[in-house]
Structure formats: C-alpha cells, structure tokens
Amino acid sequence: MRIVVPAGGIGGARFLQGLRAVLGTDAAAEEQTTDSSITVIGNTGDDITLFGLRICPDLDTVMYTLGGGINEEQGWGRADETFTVKEELAAYGMKPTWFGLGDRDTATHIVRAQMLAAGYPLSTVTEALCDRWRPGVRLLPMTDDQVETHVVVDDGGGRRAIHFQEWWIKHRAALPAEQIVGVGAEDAKPAPGVLAAIAEADAVILPPSNPVVSVGSVLGVPGIREAMAAKTVVGVSPIIGGAPVRGMADACLRAIGVETSAGAVAAHLGSDLLDGWLVDEADADTDVEGIEVRSRPLYMSDPAATEAIARAALDLAVELAEKGEERG
Ligand code: FO1
C-alpha cells in the first residue's frame, strides 16, 4: 500500500515507527519485504532561524526518530547530546538562550544552512540529510517556501506576535494565544512530489500530531487539503479523554476556539476531509456527522501498542476505501 502521512513532531514520529513496522517499509532492513511505501509530508511551520542556522524541528524529529538517532525520552533532539556550543554562545551574550541547541543537532543545522545558502531547496536538503539517517519513509517538507507559525499574545505589554518556538519553549504555551498564524502560508506551494504522492496514495493517515500547528500547518499549504480530501483519509485522535496525550495541543486548540475533545478535533478537521477517525475507548461515545468513528486503545505505550494502532488505522482506511468504491 502507498500511504501518505502529514506529520508534525513527537506524536507523529512515534506513530510512524508503528506504521513502518506494519507495512514493513523499514529501508534499514536488508530485504525490502514489501512494495508498500510511506511518504511523510513534514510540517515546516515550526522552523526557526537562529544563529544563522535553519532549524526544522518536525522534519528532524521524524528523521531522527525513524533513523534511530532521537533522544528517546525527550522525543526531540539527538541522543547522547551535549550543549557546549549553546554554552559558548551564551558566554558571548548571544540571544536567545531558551532554545536547547545541541552539539550533535547543530551539525544537522550547519549542513542544512550550507545547502540552503548554496541555493538548494529544503526538499533537496531533507533528502540529503535522510541519505545518512535512512528513516525508511520518504520525508518531504510540506513546502520549500518559508512558512513560520507565529503566535499573537498579549502579556500585558500589548498585543505582539512571537515565534511559535518562543511561545512553546520559553513560555511553555502558557501565554494565552489570541491567534496562531502561519506566516507565508497563503503564498506557499506544495514541495515537489507532495501532490503527486497524495494523488498516487491508497490512503492518507493523519497521525496523532498536534492538529493545529502540525497537521493543521500542512493542511494550510494551498492545494494540500484539497488533494487529500479526494482520497480516503483516516485520522488518529491526539486527544484522549479531553486532554492531549503529550505536548500542549490544548493551548493551540483554545487559541482557535476548538474544544479539546476527540470529537471537536474531528469536526474541526472536517467531514469533507476525514472519512474515518480512531478515538480511544475513553471517547467511545464520540459521534461526528459524516465521519466513521471507531474506538480502541490509543496510548502508544510501547512499540506493539503503536503498531496495533497503525494497523487499525490502515484497516479502517481499506474498509472505507472499499465502501467508497461501492458508493461510487
Ligand atoms: N522543545 C523544548 O521544549 N525545549 C527545547 O529546548 C527544544 C529544543 C529543540 C531543538 C531542536 C529541535 O528539533 C526541537 C527542539 N524542541 C525543544 C522541540 C520543539 O520545540 C518541538 O518539538 C516542536 O517544534 C513542536 O512539535
């Protein structure tokens, strides 16, 4: 099967580990036991330029997690990391100091900055970086154009827009967000290969990534949502029992006036896009007009649990695709 997955950071990367195992597309394995493929459309709205380096958190989280280099407990950054460069920058009085720039991670950002400066598009840079990490999926940025998520806050000093990373890391998303804006999104074009991958896909799976700043940002690139809506789309709820499993998606949902519930997120994504929606047993009573809701355990508590969730999403996609064909 050819599957397309719009993904963000930690939740999406973890889910992809399970999906890759189920489809047997792990390129690291000698014998490629399947003609299945996974194309990940990575969110680039979290990207930030710091110290002359272009940092792509969600692309790197997918690449490191599937490539075996991730810091497991953090879910971002590299394993066995040190922060000497960060300390030296602070010693020079360089700002900001709130960003956890790791030494190993900095090598990735230097390669990316050098290739971007040489005129290579982000999609080519990502392909080059994946040559090393071999994630076992095709990782495409959602766009080669610059799109940055900024958050409008008012912490008493008047309304101002800060970069998503500052809001997320420095303020722990605790500053009430009045608005979340994808700066540049309206002029962005899908990266090369994105629309073709969607058109050729047997199904699109929305992983349990942040529905606003991760999946939402990918859907916000003109052309991507429409292309996906033409396919069978099954999503996995990132909200269980009224709370995000990890991260601070509730702060993002509040900012756009969407209730933090499995049903509200599905309705927000829209029945014109979503055909199926997996919710946890805690949300078994979820009912959304025009969307086939199925409940099962959704905690990705270990690889076997994650694979079972991925398998359930695939099975629902196959079932709904067949129904769709019957409906004609
Ligand atoms: N998240 C944090 O909470 N603190 C950090 O210092 C931090 C640094 C960091 C560096 C590189 C990178 O790729 C990700 C990093 N993240 C950090 C995570 C990142 O802010 C989020 O994972 C995404 O942007 C949101 O999904």
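Owing to the predicted nature of the structure, the values given are computational and were not obtained by experimental measurement.

### Quick notes on the domain arrangement of the chain
Accessible area lost upon the coming together of the parts is a frequently used measure of interface size. Partitioning the chain into structural domains gives domain 1 (1-146 + 188-327) and domain 2 (148-187). Summarising the inter-unit geometry, the C-alpha centres of domain 1 and domain 2 are found 21 Å apart. Between domain 1 and domain 2, roughly 1700 Å² of surface is buried when both sides are summed, and carbon and sulfur atoms account for 64% of that area. When residues of domain 1 are sorted by the area they lose upon contact with domain 2, W98, M248 and A255 head the list and together hold 35% of the total. Summed over the shared surface of domain 1 and domain 2, the number is one salt bridge. Here E148 ties to R54 by a salt bridge, and the two come within 2.9 Å at their closest N and O atoms.

### Notes on helix α5 (residues 122-133)
The end-to-end C-alpha distance of α5, which contains 12 residues, comes to 16 Å, matching closely the 16 Å that a straight helix rising 1.5 Å per residue would cover. Among all positions of α5, only L122, S123, V125, T126, L129, C130 and W133 are buried. Down the axis of α5, the buried side of the element spans an arc of 155°, and every buried residue falls inside it. Residues of α5 that are exposed and point over 90 degrees away from its buried face: E127 and D131. Turning to α5, the residues buried within the fold contact α2 (57-67), α4 (103-117) and β5 (138-141). Positive phi appears at R134, one or two residues downstream of α5, with a value of about 45°.

### A word on the site of the ligand
Near the ligand there are 13 residues, and of these D46, P57, G100, Q165 and R172 occur at the shortest range. One nitrogen or oxygen atom from the side chain of W76 is found 3.5 Å from a nitrogen atom belonging to the ligand. Here G100 contributes a backbone N or O atom positioned 2.9 Å from an oxygen atom of the ligand. Within the complex, the protein chains bury 91% of what would otherwise be the 530 Å² of accessible surface of the ligand. Elements that contribute at least two residues to the shell around the ligand include exactly α2 and α6 (164-170). Looking at which element gives the most residues to the shell around the ligand, the answer is α6, with four residues. Taken together, the residues that form the shell around the ligand break down as seven nonpolar, two polar and four charged.

### A short note on the pairing of strand β13 (residues 276-279)
In the case of a regular strand, side chains alternate between the two sheet surfaces. The alternating pattern of β13 places G276 and L278 on one face and W277 and V279 on the opposite face, and all of these are buried. In this structure, strand β10 (residues 233-236) lies alongside β13, joined through three bridges in parallel fashion. Its bridge partner lying in β13, V234 is registered against G276. Relative to strand β14 (residues 292-295), β13 is paired through four bridges, and the arrangement is parallel. Residue pairing in the sheet places W277 in a bridge with V293 of β14.

### Notes on the nonpolar core
As a rule of thumb, nonpolar side chains are buried together in soluble globular proteins. Ranked by size, the top nonpolar core spans 53 residues in total, and within it I41, W167, I224, M228, L269 and W277 carry the most contacts. In this structure, this core is formed jointly by two domains, domain 1 (1-146 + 188-327) and domain 2 (148-187), each of which donates at least three residues.

Reading the values: rules and limits
- Residues numbered from 1 in each chain as written.
- Predicted model: local features only at pLDDT ≥ 70, side-chain atom pairs only at ≥ 80, totals over all residues.
- Heavy atoms only, no water.
- Domains from an automatic or database assignment.
- Buried area = accessible area lost by both parts, 1.4 Å probe.
- Salt bridge = Lys/Arg side-chain N within 4 Å of Asp/Glu carboxyl O.
- Helix = DSSP H or I, 4+ residues; strand = E, 2+ residues; numbered from the N terminus.
- Expected span 1.5 Å × (residues − 1).
- Buried < 20%, exposed > 50% of the residue type's maximum accessible area, 1.4 Å probe, protein only.
- Arc of directions from axis to C-beta.
- Contact = heavy atoms within 4.5 Å.
- Near = heavy atom within 4 Å.
- Polar contact = N/O pair within 3.5 Å; in protein donor to acceptor, adjacent residues only side chain to side chain.
- Areas by Shrake-Rupley, 256 points an atom, 1.4 Å probe, with all protein chains shown as cover.
- Nonpolar A, V, L, I, M, F, W, Y, C, P; charged D, E, K, R; others polar.
- Pairing = 2+ DSSP bridges.
- Core = buried A, V, L, I, M, F, W, Y, C linked by side-chain atoms within 4.5 Å.

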